[in-house]
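Geometric and topological summary
The primary structure of each chain is shown beneath.
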Amino acid sequence: MAMSVGSDGGDEKPMSDINTTPLVDVMLVLLIIFLIAVPVVVQTVQLQLPKVAFEPTTTRPENVSLSITQAGDGSCAVYWNLTKVSSDELLDRAVAKLEADIKKAGGVENLTPEDLPEVHIRGDINTPYRCIGGTIYTMQRAGFPKVGFISEPEPGSQTQRL
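Everything numeric here is computed off the predicted structure, so don't read it as measured data.

1. What about the sheet that holds strand β1 (residues 64-70)?
Spatial strand order, β3-β2-β1-β4-β5: 5 strands in an open sheet with mixed pairing. Every interior strand has two partners, whereas the edge strands, β3 (83-85) and β5 (147-149), have only one. Going across the sheet, the axis of each strand differs from the next one's by a mean of 30 degrees, ignoring polarity. Sheet topology places strand β2 (residues 76-80) next to β3; 3 bridges connect them, and they run antiparallel. For Trp80, the partnering residue across the bridge sits in β3 and is Thr83. Against the sheet, helix α2 (residues 87-105) contacts β1, β2 and β3, and its axis sits at roughly 110 degrees relative to β3. Here helix α3 (residues 129-142) sits on the sheet and contacts β1, β2, β4 (119-123) and β5; the angle it forms with β1, its principal contact strand, is near 150 degrees.

What counts, and where the lines are drawn
Residues numbered from 1 in each chain as written. Predicted model: local features only at pLDDT ≥ 70, side-chain atom pairs only at ≥ 80, totals over all residues. Heavy atoms only, no water. Pairing = 2+ DSSP bridges. Helix = DSSP H or I, 4+ residues; strand = E, 2+ residues; numbered from the N terminus. Axes fitted to C-alpha atoms, helices over the stretch in contact; angles between N-to-C directions. Contact = heavy atoms within 4.5 Å.

Given below as structure tokens:
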């Protein structure tokens, strides 16, 4: 740091240089504060998130295919294959389907979870979650252990596991 103490009698001009030392000191202090504060603010629980993979759906005849969309009046419209069903009809049909599949297999003792039919849900992109969530709840209440979603992969996405 330079300091001017006086002059030797020559031209005295006002000093016009900006002293940046206080600015640098303040910036360093702020940098240290943020380096200490950021890890405290960003707290996360250690998780292992699933890897995204596109798996082609293997459709079996016993699987249930549901389509869900929002009707014009704001209500939910659920279709079992191509037939529109209400919430009560959905539960009744699901229970009847599961009971028929169990009876066809010769009882619960002859089935493994892999043998039970799956529910494949196709939901419109503009459908509210309450419609999708209500359908999932109804199918799980009926006894279906596997409920999955059918989606459309982005164009050009790879079909191999990541």
